[in-house]
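# Examining the three-dimensional arrangement
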Amino acid sequence: MLTVQDLHKSYRVGKRTYEVLKGVSLTVEQGQFVAVMGPSGSGKTTLLNCISCYIPADSGSILLGDTELARLDEGALAQVRNRQLGFVFQDFLLLDGLTVRENILLPAILGGQVQTQTEARADQLCDVFEIAAIRDKYPAEISGGEKQRTAVARALINQPLLILADEPTGNLDSRSSRAVIAAFEQARDVLGAMIFMVTHDSFAASFCDRVVILRDGIVWRTLEKDGQDRPAFQDRLLDAIRDMGKE
Amino acid sequence: MDSFSAVYDRLRRHNRGRYALLAGCCFFSVLLITAYVSMMRSPTILAVLPEGGDSRKQVMMIFVLAVLGCAVFTTYAAGLFFRQKSWETGIFLALGASRRQLKRELRKELAVLSIGACGLGALLGAPLAWCLWQVFRALVVDTQEMGLRFDPQAMGYALAFAVYVTAMLFFQGSRSVGRTDIMDVVHESHKSEPVRAVPRWYGWLGIVLLAAGGFLGYIVPSFCVQVFHWYAPGGLTAIFYLPALVGLYMLLLHTVANGWGGRRHRYRDIISVSMMKFQGRQTVRNMLVMTVLLAGAYFASFYAPMLGTSSTMSIDARPVDYAYHFRADQDLPVGDEVRDMAEDYGVEITFYVQAPMARLGVDGERQVETEGPLGTTWESVYYKLLQSELFLSESAYRALTGNTVELEPGEMAAILDATGSNQGVFDGTATQVTNVCTGESWDMTLTESLRHDLLFGHYVLDDADFTAMTAGLSDEWREEMVFFNVRDCASSYEFAKALFHRIVDRSGPEVEQFDSWDPILREIERKEQGYYFLDREHLQESGLPGIDYEQRDSSEFRLYWQYMPKFRVLDQADFVKTMAVFLMLFIFIAIVCFAAVVVIAFTRSLTIAITNRPVYDDLRRMGAPAAYLNRSAASQVRRVFLVPTVAGTSLIFAFYTMILYFNDNRFTLSEVLGLRNCLALAVLISLGLYGVYRLTRRSAAKILGL
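The sections below set out a description of the structure shown in this document.

In this model helix H21 (residues 580–621) of chain B runs 59 Å from its N-terminal to its C-terminal C-alpha over 42 residues, within 8% of the 62 Å that 1.5 Å per residue would give. Where H21 of chain B ends, the next residue or the one after it, Gly 623 of chain B, has phi of about 95 degrees, a positive value.

Before going further, it helps to examine the nonpolar core. By size, the foremost hydrophobic cluster in this structure holds 271 residues, and its most contacted members are Leu 47, Phe 184 and Phe 196 of chain A together with Phe 92, Tyr 324, Phe 484 and Leu 499 of chain B. Ranked by the residues each element gives to this core, the list is headed by H21 of chain B, at 22 residues. With 20 residues, the next largest nonpolar core counts Val 320, Leu 390, Ala 396 and Leu 454 of chain B among its residues.

The next point concerns the packing of aromatic side chains. Per the stated rule, a full pass over the model turns up 47 aromatic pairs over all chains. Ring centres of Phe 299 of chain B and Phe 655 of chain B lie 6.5 Å apart, and the angle between their planes is 45 degrees; on these two criteria the pair is classed as tilted. One end of the pair, Phe 299 of chain B, is in helix H11 (residues 270–301); the other, Phe 655 of chain B, is in helix H22 (residues 626–664), and 356 residues separate them in sequence. For Phe 299 of chain B, a relative accessible area of 7% gives the class buried. A ring pair is formed by Phe 514 of chain B and Tyr 560 of chain B, whose centres lie 5.3 Å apart and whose planes are at 15 degrees; its orientation type is stacked. Of the two residues, Phe 514 of chain B is situated in the loop between helix H16 (493–506) and helix H17 (519–529) and Tyr 560 of chain B in helix H19 (residues 555–560); the sequence distance between them amounts to 46 residues. Accessibility expressed as a relative area gives 7% for Phe 514 of chain B, which makes it buried. Its relative accessible area of 16% is what places Tyr 560 of chain B among the buried residues. It is Arg 230 of chain A that lies over the ring of Phe 207 of chain A; its NZ or CZ is 5.2 Å from the centre. Its guanidinium or amino end placed over the ring of Tyr 352 of chain B, Arg 339 of chain B lies 4.8 Å from that ring's centre, counting from NZ or CZ.

Once that is clear, we can look at the packing of helix H1 (residues 4–14) of chain B against helix H5 (residues 99–139) of chain B. Residues and elements named next belong to chain B. One way to put it is that H1 packs onto H5 with a least axis distance of 11 Å and a crossing angle of 50 degrees. Here H5 runs oblique to H1, going by the angle between their axes. Every pair of crossing elements has a handedness; the one defined by H1 and H5 is right-handed. Residues Phe 4, Ser 5, Tyr 8 and Arg 12 of H1 pack against Gln 101, Leu 102, Glu 105, Leu 106, Lys 108 and Glu 109 of H5. Across the contact of H1 with H5, the residue classes break down as four nonpolar, two polar and four charged.

Once that is clear, we can look at unusual backbone geometry. Residue and element names in this part refer to chain A. Although it is not a glycine, Cys 53 adopts a positive phi angle of roughly 60 degrees. For Cys 53, the position within the fold is in the loop between helix H1 (44–51) and strand S4 (59–64). According to the relative accessible area criterion, Cys 53 is buried, its value standing at 13%. Backbone geometry places Leu 93, a non-glycine residue, at a positive phi of 50 degrees. By secondary structure assignment, the location of Leu 93 is in the loop between strand S6 (85–88) and helix H3 (100–110). With relative accessibility at 1%, the residue Leu 93 sits in the buried group.

Thresholds applied
Residues numbered from 1 in each chain as written. Chains lettered and ligands numbered in written order. Predicted model: local features only at pLDDT ≥ 70, side-chain atom pairs only at ≥ 80, totals over all residues. Heavy atoms only, no water. Helix = DSSP H or I, 4+ residues; strand = E, 2+ residues; numbered from the N terminus. Expected span 1.5 Å × (residues − 1). Core = buried A, V, L, I, M, F, W, Y, C linked by side-chain atoms within 4.5 Å. Buried < 20%, exposed > 50% of the residue type's maximum accessible area, 1.4 Å probe, protein only. Phe/Tyr/Trp six-rings, centres within 6.5 Å; stacked < 30°, edge-to-face > 60°. Lys NZ or Arg CZ within 6 Å of the ring centre and 35° of its normal. Axes fitted to C-alpha atoms, helices over the stretch in contact; angles between N-to-C directions. Parallel < 35°, antiparallel > 145°, perpendicular 65-115°, else oblique. Left-handed = near helix turned anticlockwise from the far one by under 90°. Contact = heavy atoms within 4.5 Å. Nonpolar A, V, L, I, M, F, W, Y, C, P; charged D, E, K, R; others polar.

Purely spatial values, then, with no claim about function.
Have a look at this one:
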């Protein structure tokens with residue numbers, strides 16, 4: 001389980017300090033797919049980066065299972081990132097000098113755990129995400145959708161506990177977006193992984209079990225799907241966003 | 001591929017261009033510095049450049065500029081490399097690589113890169129200097145003292161620079177991995193570096209600071225000497241040049257950020273101006289380095305035209321073709337012997353005159369120096385008998401020059417050069433004259449100075465005074481001056497050479513002395529310090545060139561022998577040979593600095609092209625016509641070349657003009673003509689740089705697919 005408790009984060013630009021997160025608390029249960037929505041500047045990406053420990057929080061706690069991430073030293077944190085977390089970024093963050101398959105294998109290579117079954121798993125992920133035909137191509141030679149599916153496959157290679165995704169469908173067409181969401185659903189259903197996705201896209205968010213809406217650095221509202229069908233849940237999301245605009 | 005090392009290796013191969021650029025920059029910088037220092041510390045060069053002399057100071061000053069330039073250049077290249085590399089570094093960190101893991105790989109490749117590039121540069125620096133020198137010897141001039149020898153200790157300087165480059169690479173590498181915000185690391189490579197809003201007054205303030213710094217830096221050392229009687233350490237007075245550097249930076253910043261052209265083509269140039277603006281600090285720093293190096297290169301390349309012009313003019317302006325003097329105790333060729341020799345060489349002597357001179361003691365003030373913690377201070381001490389000068393009688397002066405001078409008993413006249421200058425070496429203010437053999441002294445009154453290039457630095461006495469004052473002088477205190485003309489001077493080279501050799505062959509060891517060696521000052525120094533620094537046995541330890549009859553064709557001998565004859569045809573024909581080491585050294589320095597400028601401009605322009613390639617792709621997609629894209633790309637490359645070229649050239653001209661003026665608070669004709677020749681040279685070099693600009697523009701266009 002991921003537990004975020006009273007998280008604060010501010011940035012300093014020149015002499016001014018901007019408080020971006022003002023005490024955010026939330027939880028993500030094992031096997032849950034959670035989206036974070038909110039207008040620009042509400043703190044979504046900052047929240048994601050703090051949970052990933054890409055940027056240090058000012059105060060508050062982030063618990064992954066029983067582990068307080070902020071208390072880990074550099075080496076242990078790198079190990080958590082490598083073994084227990086998977087990342088999907090809006091601009092894919094693929095390395096141009098490596099093929100699709102090598103990019104997928106990269107987290108395993110960094111962790112020093114490339115074995116025959118890891119390679120088999122990479123091939124299997126290629127099949128699942130329909131990128132087997134391009135697995136020996138380089139990122140410059142494939143489409144945006146293929147790049148993002150490669151990034152999702154990379155996030156899953158080490159069978160992580162928690163997948164963190166920052167606007168994973170932001171640069172994709174609807175077909176590719178659907179494939180990415182399907183991949184997350186599969187990771188949740190098959191691996192029991194937690195998925196924490198930051199998005200602007202109400203369509204993508206409507207596939208989630210829960211949607212947390214941030215506004216001005218605080219949790220403004222949390223919507224649970226509770227077995228509702230997807231279109232109805234999307235309508236609720238849109239209503240909530242409209243309400244936020246009215247306030 | 002199953003290990004992190006293999007991934008690193010693959011990415012290195014993928015980005016080999018980036019590695020090649022960094023390695024090339026490091027290699028080039030170390031190569032340049034090694035070549036320069038090998039030459040600067042070469043015994044061949046040191047033997048000719050007197051210690052503490054202007055030439056040696058100039059060589060050192062340009063070396064400091066070259067070191068600073070190369071240090072900034074390599075630091076910039078490394079910064080660019082790690083900025084581009086930060087994308088993959090950030091991804092590795094984001095995916096769970098530990099910093100230790102990354103540092104290990106980075107250290108391995110930096111070790112190979114720095115040892116390879118710097119090592120090769122240090123290894124090839126001296127051979128490069130040697131090859132260039134041999135090219136000079138083969139194509140321009142070759143003299144016996146041009147045999148190039150290297151001092152192994154020079155490698156110490158080169159190694160120190162290589163160590164700096166290596167340490168800087170490791171420091172920057174370690175810093176690039178050590179940052180805490182991983183997303184910052186990832187996005188570092190995409191960040192532009194905007195120049196913060198630059199007020200328009202930066203341009204004018206920059207010019208004011210530049211002028212003030214240049215003026216202060218030049219004038220403060222003399223001010224300290226004259227007003228405070230203090231030879232301030234060079235490092236301290238160099239601080240006064242700092243406003244010039246700050247001013248130059250502000251000037252370039254304004255030029256890059258605002259431009260000087262007003263808002264006339266605001267929209268036409270919007271793409272190129274904004275791109276250039278967002279390359280920011282790096283562009284300005286590069287331009288600063290290029291400007292400083294260009295200024296150094298021009299300073300070195302002006303040496304030959306300035307020296308050539310002034311020497312040619314002064315040789316041409318001599319009132320007679322042949323002049324030499326010698327001590328009366330020396331058995332040198334004169335009169336009929338010279339005429340017979342001339343006849344043997346088919347040379348007709350049209351005018352011949354020989355007149356006696358005498359070496360008498362004079363009073364004067366001497367700077368007595370005291371070493372202190374803040375440098376050397378001095379105080380002026382009056383000596384009734386300070387040094388010796390050569391004196392002529394009125395009639396001898398008339399015989400030699402054809403001019404009459406009327407002096408009353410008790411009067412004497414100092415002889416300045418033909419332009420009325422004391423050349424900073426002869427004050428001509430003696431008021432008491434002493435016959436050192438009899439010990440008798442006379443108080444004298446100075447009248448208006450006379451002017452003559454070949455008798456510069458001597459005094460003229462009333463005939464009766466001359467007879468009285470020189471009575472009892474032994475031959476070693478008496479001299480003879482010989483002037484003569486020949487019918488066709490230009491074709492008398494062989495005669496001139498033979499006469500010069502005969503004069504040297506017949507001169508005794510007692511006159512094998514350095515130019516400013518003085519028998520009276522010698523006694524004072526020996527009494528006060530125990531030795532005289534101009535005695536032959538102390539010349540080397542005093543950092544001065546040696547004087548040796550066996551080396552009569554060397555620059556050292558011809559420039560510094562006290563009794564060196566002045567034969568117009570010999571000096572004209574052998575000018576390049578005599579000055580060979582000086583000329584070639586400064587040409588070498590100019591070539592090295594210009595090469596550095598070209599490499600930096602080329603690298604920077606291509607980097608801008610590589611960085612902006614996606615923008616040009618977008619512009620093309622938006623339908624921008626090829627002509628527009630070409631103009632925009634050319635504008636950026638042009639700015640990289642044009643701004644430093646204009647700034648560096650103007651800067652050095654202004655500085656050079658100031659130096660020439662403050663030499664004697666006026667411009668002489670030879671200085672004006674020298675500046676004209678320097679201008680012609682600058683035009684030629686600028687044309688060469690324009691050629692490089694065209695080549696670079698073509699390469700940039702190729703990268704941008706234009």
